[in-house]
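# Observations on the model geometry
Letter by letter, the chains look like this.
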Amino acid sequence: MQNSKLSFWLLLSRLLGPTLIFSLAASPHAQIVRFESILPPVETGVVFELTVIGDDFTSSPDGGGLNVSFNPEHLRVHSVSIDPVWTAQGIGLSTGTIDNVTGTIEGITFNSFSNVGNTFPIIFISLESISTGKSNLSLSNNAMNPWASNGLLVQPEYQTTQISSVSSTNIPIPFWSNLFLAAALIFTERRRQRNRYKKNN
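Residues numbered from 1 in each chain as written. Predicted model: local features only at pLDDT ≥ 70, side-chain atom pairs only at ≥ 80, totals over all residues. Heavy atoms only, no water.

## Side note on the packing of aromatic side chains
Scanning all chains against the criterion turns up six aromatic pairs. A ring pair is formed by F57 and F120, whose centres lie 5.1 Å apart and whose planes are at 65°; its orientation type is edge-to-face. In this pair, F57 is assigned in the loop between β3 (47-55) and β4 (63-69) and F120 in strand β8 (residues 120-129), connecting sequence segments 63 residues apart. For the pair formed by F57 and F120, the shared burial category is buried. On the numbers, 5.4 Å between centres and 50° between planes, the contact of F57 with W147 is tilted. Placement of F57 in the loop between β3 and β4 and of W147 in the loop between β9 (133-141) and β10 (148-149) is noted, with a sequence separation of 90 residues between them. Taken together through their ring pairs, the aromatic side chains of F57, W86, F110, F120 and W147 make up a single cluster. (Phe/Tyr/Trp six-rings, centres within 6.5 Å; stacked < 30°, edge-to-face > 60°. Helix = DSSP H or I, 4+ residues; strand = E, 2+ residues; numbered from the N terminus. Buried < 20%, exposed > 50% of the residue type's maximum accessible area, 1.4 Å probe, protein only.)

So this is what it looks like as structure tokens:
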């Protein structure tokens, strides 16, 4: 009975080969690739930068690849650069191909022999807001250079962000700015009352 079980697993491993090994090695931990922050509404004609980071990886990755998609009606990509954490000792680096007609950046790749950590910057994207409206920016895996760590396949979760492009006359005042202004007015009024009280006494 024991020999028959052993023969079964040997046969299975021969049939599945590397697929079985990668499936067993893949970590269930939620390793995330995302945009670092959500931007407030951006005025049309303004050039700004977004950072893509890797977050909460179980171990430092050997490298990986990305594709980016966006709405070309509202955004134009000027350039892509790879963070120095990869370029210092990196190999197989590519900033990809920008297509502002279809709204894609394809073929971004990065690999490194150095330890980049569990949370790390990846790329910087320079964009311009060209018309009013909302644009989703999404990330996806580059199958030509998949994520790996210690030689094992990694399958991160990709998160999406949204950019709102507005005209200069429609930029809302942020909540915190209003709050700061209100606090400053209260402080000023209380100071006046205190000075008035001192004069009267």
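Right, picking up where we left off after that structure.
## Describing the nonpolar core
Counting residues in each nonpolar core, the largest one holds 29 residues, and the members touching the most others are V52, L66, I122, I123, I125 and W147. Those elements giving two or more residues to this core turn out to be β1 (32-35), β3, β4, β5 (75-82), β7 (104-112), β8 and β9. Of the residues forming this core, the biggest block, five residues, is contributed by β8. Excluding its chain neighbours within four sequence positions, the residues that come into contact with L66 are V33, V52, I105, G107, I108, F110, I122, I123, S140, N142, W147 and Y158. (Core = buried A, V, L, I, M, F, W, Y, C linked by side-chain atoms within 4.5 Å. Contact = heavy atoms within 4.5 Å.)

## Quick notes on the pairing of β4
Across the seven residues that make up β4, a large majority, six, are buried. Of the pairings in the sheet, the one linking β4 to β7 comprises six bridges and is antiparallel in character. Bridge pairing in β7 places S69 opposite T104. Bridge count for β4 against β9 is four bridges, and the pairing is antiparallel. Residue pairing in the sheet places N67 in a bridge with S140 of β9. (Pairing = 2+ DSSP bridges.)

## Looking at the sheet that holds β8
The strand order across the open sheet formed by five strands is β5-β8-β3-β1-β12, and the pairing between neighbours is mixed. Two strands lie at the open edges of the sheet, namely β5 and β12 (157-158), each paired on one side alone. The sheet contact formed by β1 and β12 spans two bridges and is parallel. Along β12, the bridge assignment pairs I32 with E157.

## Concerning the side chain of H74
Secondary-structure assignment places H74 in the loop between β4 and β5. Contact partners of H74, with chain neighbours within four places excluded, come to E128, S129, I130, S131, T132, G133, K134, S135 and S165.

## Quick look at the pairing of β3
Burial of β3 is extensive: seven of the nine residues sit out of reach of the surface. Here β1 pairs with β3 via four bridges, running antiparallel. Its bridge partner being in β3, I32 is matched across the sheet by D55. Pairing analysis gives eight bridges linking β3 to β8, with the strands arranged antiparallel. Counterpart to T51 in the pairing with β8 is F124.

## Re the side chain of Q31
By the secondary structure assignment, Q31 is in the loop between α2 (18-25) and β1. Take Q31: its relative accessible area is 3%, and that puts it in the buried class. A distance of 2.9 Å separates a polar atom in the side chain of Q31 from the backbone nitrogen of T58. Setting aside residues no more than four positions away along its own chain, Q31 makes contact with D55, D56, F57, T58, S59, V154, P156 and E157. (Polar contact = N/O pair within 3.5 Å; in protein donor to acceptor, adjacent residues only side chain to side chain.)

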